[in-house]
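Architecture at a glance
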Amino acid sequence: MKCKKINKVSSGNPHIVDVLNSKKISLVINTGGGKRKYRVSDARALRRATLINKVPYCTNMSTAYACLEGIQALKTRKLKVKSLQEV
């Protein structure tokens, strides 16, 4: 899976909302961070854009890893379901 780091909204153009609206993203992994002053507004804009564009959104690396494992399982057709407590 190809990955690319993209600017937060407060970091300048092109930023994540621009790229989401252009339909060039299939999955967002947002691990937070950024300037404290803009953190809430950046997160709000990102969540809203992912919902509008129907793009899956992960907020931490353990969730992202589980999501990527699911994608890989679907591609190999070896789907196994486990509860979160089993992982």
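Our subject is the structure that appears above.
A brief report on the enclosed structure follows. All figures in this text were calculated on a predicted structure; none of them were measured in a lab.

Thoughts on helix H3 (residues 61-76)
For H3, which comprises 16 residues, the first-to-last C-alpha distance of 22 Å matches the rise-based estimate of 22 Å (1.5 Å per residue) to within 8%. One or two residues past the end of H3 sits Arg77, with phi positive at roughly 65 degrees.

Here we look at helix H2 (residues 39-52)
Its 14 residues give H2 an end-to-end C-alpha distance of 20 Å, which sits within 8% of 20 Å, the value for a rise of 1.5 Å per residue. Contact partners of the buried residues in H2: helix H1 (16-21), strand S1 (28-29) and strand S2 (57-58).

Points about the side chain of His15
In this fold, His15 is placed in the segment before H1. Accessibility expressed as a relative area gives 11% for His15, which makes it buried. Separated by 3.3 Å, the side chains of His15 and Asn13 make a polar contact.

Reading the values: the criteria
Residues numbered from 1 in each chain as written. Predicted model: local features only at pLDDT ≥ 70, side-chain atom pairs only at ≥ 80, totals over all residues. Heavy atoms only, no water. Helix = DSSP H or I, 4+ residues; strand = E, 2+ residues; numbered from the N terminus. Expected span 1.5 Å × (residues − 1). Contact = heavy atoms within 4.5 Å. Buried < 20%, exposed > 50% of the residue type's maximum accessible area, 1.4 Å probe, protein only. Polar contact = N/O pair within 3.5 Å; in protein donor to acceptor, adjacent residues only side chain to side chain.

In short, geometric facts, not functional conclusions.
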